[in-house]
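A closer look at the structure
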Amino acid sequence: MTAQILDGKATAKTIKEELAERVTRLVEGGHERPGLATVLVGEDPGSAAYVRGKHRDSEQIGLHSIQKHLPADATQADVEAVVDELNADPTCTGYIVQLPLPKQIDTDAILERIDPAKDADGLHPMNLGRLVLNAYTEITTPLPCTPRAVIELMERHGLDLRGKDVVVVGRGITVGRSIGALLTRREYNATVTLCHTGTTDLPAHLRRADVIVAAAGAAHLVRPEDVKPGAIVLDVGVSRQEDPEGGKAKLVGDVDPAVAEVAAWISPNPGGVGPMTRALLMKNVVESAERAAAVSAD
Ligand SMILES: Nc1nc(=O)c2c([nH]1)NC[C@@H]1CN(c3ccc(C(=O)N[C@@H](CCC(=O)O)C(=O)O)cc3)C=[N+]21
């Protein structure tokens, strides 16, 4: 058996087409064109490439796009000044501060300073808190993009999560810590186990899972012998693997490619959750603009 592909690239394209229509409706309704801003601090080529991707997506769906770039030696006050400026900028509907930030910057203080209504990542403590507290209510606040991406990728391939045993590997802020809160909402009704580097017997957990979300950033951590035949496996993590021959380092996912012989569905990396995360970031911005438009229509 070879697993079917959860095609993040194609699904992200469909979502972006839908969002482009929603942006057109907002603008035709007399509202400001929504805008996405990014804040990049430093010159990390990986981060710069991700940020470029986000601006490409913005252009495709008709969002106004604003780029803020600070040098690697920027101070806390420099970054805070940019955050304050974007909070006050009416042309900026939502924005992200690209992570990781250089070590002289207090990341938590920056994330807390973002206006929660403009938090396109859904990582502000108020939004994460609402996600936990309003577990069973309608979505009225930006939700974290990657967890949302994981769920929407499965749903758009007709996969039902209700009652499923989901094992998440990795407890980082962008995925592991928030995905359980989302997946255990009544609308999804999954059962979630959060594993991490301190888990005593990871394979035992993996072997029981109907769905595995691998987001630990550990190369090929999920091996075929640890996957239940017919499981759904999402490869979210990436790490850099040096070439022993001294060639270029390559990016590898958390899932061993041989898992495709055991699983029923697999999301590849690249081409899976990455492009979906960007699409959901765009969706958060469009939804923020729609919420603001609904308030102004009252
Ligand atoms: N504030 C903040 N928000 C983030 O959402 C955030 C962040 N910081 N820091 C870094 C991580 C990483 N991340 C990715 C998003 C898309 C791809 C993606 O689209 N990857 C493509 C390949 C690369 C490409 O095509 O450009 C793929 O998987 O097919 C990858 C990684 C978001 N992150």
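The residue count restarts for each chain, going from 1 along the sequence in the order it is written. Side-chain atom pairs in this predicted model are given and counted only at pLDDT of 80 or more, local residue features only at pLDDT of at least 70, and totals for whole chains, interfaces and linings cover all residues. Excluded from the side-chain calculation are hydrogens and water; included are all heavy atoms of the structure.

What about the overall build of the chain?
Across its full length, the chain carries nine helices and 11 strands. Relative to the compact-globule value of 19 Å for 298 residues, the chain shows a C-alpha radius of gyration of 19 Å, a close match. C-alpha extents for the chain along the principal axes are approximately 55 × 45 × 35 Å. When the 298 residues of the chain are sorted by exposure, 49% land in the buried category. When checking whether two residues touch, look at their non-hydrogen atoms; a contact exists if any pair is within 4.5 Å. Restricting to contacts in the chain with at least 6 residues of sequence separation, those with at least 24 account for 73%. Here Asp and Glu are counted as negative and Lys and Arg as positive; His is not counted, and neither are the chain ends. A charge is said to be at NZ when it belongs to Lys, at CZ for Arg, at CG for Asp and at CD for Glu. Charge separation in the chain, taken as the distance between the mean sites of 32 positive and 42 negative side-chain charges, equals 3 Å. For the purposes of this entry, the term helix denotes a DSSP run of H or I that reaches at least four residues, the term strand denotes a run of E that reaches at least two, and both are numbered from the N terminus. The reference for a compact globule is 2.2 Å times residues^0.38; the radius of gyration itself is calculated from the C-alpha atoms. Residue burial is assigned from relative accessible area. The probe radius is 1.4 Å, only protein chains are included, and a residue is buried under 20% of its type maximum, exposed over 50%, and partly exposed in between.

Remarks on the pairing of strand 5 (residues 165–169)
Extensive coverage of strand 5 is indicated by the burial of four of its five residues. Paired strands are those between which DSSP finds at least two bridges. One ladder, built from five bridges, connects strand 5 with strand 6 (residues 191–195); its direction is parallel. Pairing of Val-166 across the sheet is with Val-192, part of strand 6. A clockwise path from the first strand over the helix to the second, with the strands pointing away from the viewer, defines a right-handed crossover. Viewed along the sheet, the connection from strand 5 through helix 7 (residues 176–183) into strand 6 turns out right-handed. Relative to strand 7 (residues 211–214), strand 5 is paired through four bridges, and the arrangement is parallel. Of the residues in strand 7, the one forming a bridge with Val-168 is Val-213.

What about the sheet that holds strand 4 (residues 94–97)?
Pairing is parallel across the open sheet formed by three strands, whose spatial order is 3-2-4. At either margin of the open sheet sits one strand with a lone partner, and together these are strand 3 (64–70) and strand 4. Adjacent strand axes in the sheet meet at a mean angle of 15 degrees when their direction is disregarded. Pairing between strand 2 (residues 35–41) and strand 4: four bridges, direction parallel. Across the sheet, residue Val-39 finds its bridge partner in strand 4, namely Val-97. Helix 3 (residues 76–88) rests against strand 2, strand 3 and strand 4 of the sheet, and its axis sits at about 165 degrees to strand 3. Each of strand 2 and strand 4 is contacted by helix 9 (residues 273–297), which is oriented at about 130 degrees to strand 2, the strand it contacts most. A fitted line through C-alpha atoms serves as each axis, taken over the contacting stretch for helices, and the angle formed by two N-to-C directions is quoted from 0 to 180°.

Describing the sheet that holds strand 11 (residues 265–267)
Taken in spatial order, the six strands line up as 1-11-8-7-5-6 in an open sheet, and their pairing is parallel. Only two strands of the sheet have a single neighbouring strand rather than two, namely strand 1 (4–5) and strand 6. With three bridges connecting them, strand 8 (residues 232–235) and strand 11 associate as parallel partners. Residue Ile-232 lies in a different strand from strand 11, and its bridge partner there is Trp-265. Strand contacts of helix 6 (residues 145–155): strand 7, strand 8 and strand 11, with the helix running at about 140 degrees to strand 8, the strand carrying the most contacts.

Describing the UniProt feature "binding site: NADP(+)" (unreviewed entry) in the chain
In the UniProt entry, the feature "binding site: NADP(+)" (unreviewed entry) is given for Gly-170, Arg-171, Gly-172 and Val-238. Spanning 69 residues, the named residues form one tight spatial group whose C-alpha atoms are at most 14.3 Å apart. Turning to its location among the elements, Gly-170 is positioned in the loop between strand 5 and helix 7. If near-sequence neighbours (up to four positions away) are discounted, Gly-170 is found in contact with Gly-176, Leu-194, Cys-195, His-196, Ala-215 and Ala-216. For Arg-171, the location among the structural elements is in the loop between strand 5 and helix 7. With a relative accessible area of 39%, Arg-171 lands in the partly exposed category. Sequence-distant contacts of Arg-171, that is, excluding residues within four places in its chain, are made with Gly-176, Arg-177, His-196, Thr-197 and Gly-198. As used in this structure description, the phrase polar contact means that two N or O atoms lie within 3.5 Å; if the pair is within protein, one of them must be able to donate a hydrogen and the other to accept it, and residues adjacent in sequence are counted only when both atoms belong to side chains. Engagement of the side chain of Arg-171 in a polar contact is seen with the side chain of His-196, the distance being 3.4 Å. UniProt positions are given in the numbering used here, feature names are shortened, and annotations may be inferred rather than shown by experiment.

A closer look at the nonpolar core
Met-154, Val-213 and Leu-234 are the most contacted members of the largest nonpolar core, which has 44 residues in total. Elements with a contribution of two residues or more to this core: helix 1 (8–28), helix 6, strand 5, helix 7, strand 7, strand 8 and helix 9. Here the bounds of each domain stem from an automatic or database domain assignment. The residue makeup of this core includes at least three contributed by each of domain 1 (31–116) and domain 2 (144–275). Dropping the residues within four chain positions of it, Val-213 is found in contact with Val-150, Val-166, Val-167, Val-168, Val-169, Val-175, Ile-179, Leu-234 and Val-236. Residues grouped as a nonpolar core are buried Ala, Val, Leu, Ile, Met, Phe, Trp, Tyr and Cys residues, joined through side-chain atoms within 4.5 Å.

Let's talk about the site of the ligand
One heavy atom suffices: a residue is near a molecule or strand as soon as one of its heavy atoms comes within 4 Å of it. Contacts to the ligand come from Tyr-50, Lys-54, Val-97, Gln-98, Leu-99, Asp-121, Pro-270, Gly-271, Gly-274, Pro-275 and Arg-278. Taking Asp-121, its side chain carries an N or O atom lying 2.6 Å from a nitrogen atom of the ligand. Between the ligand and the protein, one listed contact pairs an oxygen atom with a backbone N or O atom of Pro-275 at 3.4 Å. For the shell around the ligand, the secondary-structure elements that each account for two or more residues are helix 2 (45–61) and helix 9. Looking at the shell around the ligand, the element that brings in the most residues is helix 9, giving three residues. The nonpolar class holds Ala, Val, Leu, Ile, Met, Phe, Trp, Tyr, Cys and Pro. Asp, Glu, Lys and Arg form the charged class, and all remaining residues, Gly among them, are polar. Class assignment for the residues of the shell around the ligand results in five nonpolar, three polar and three charged.

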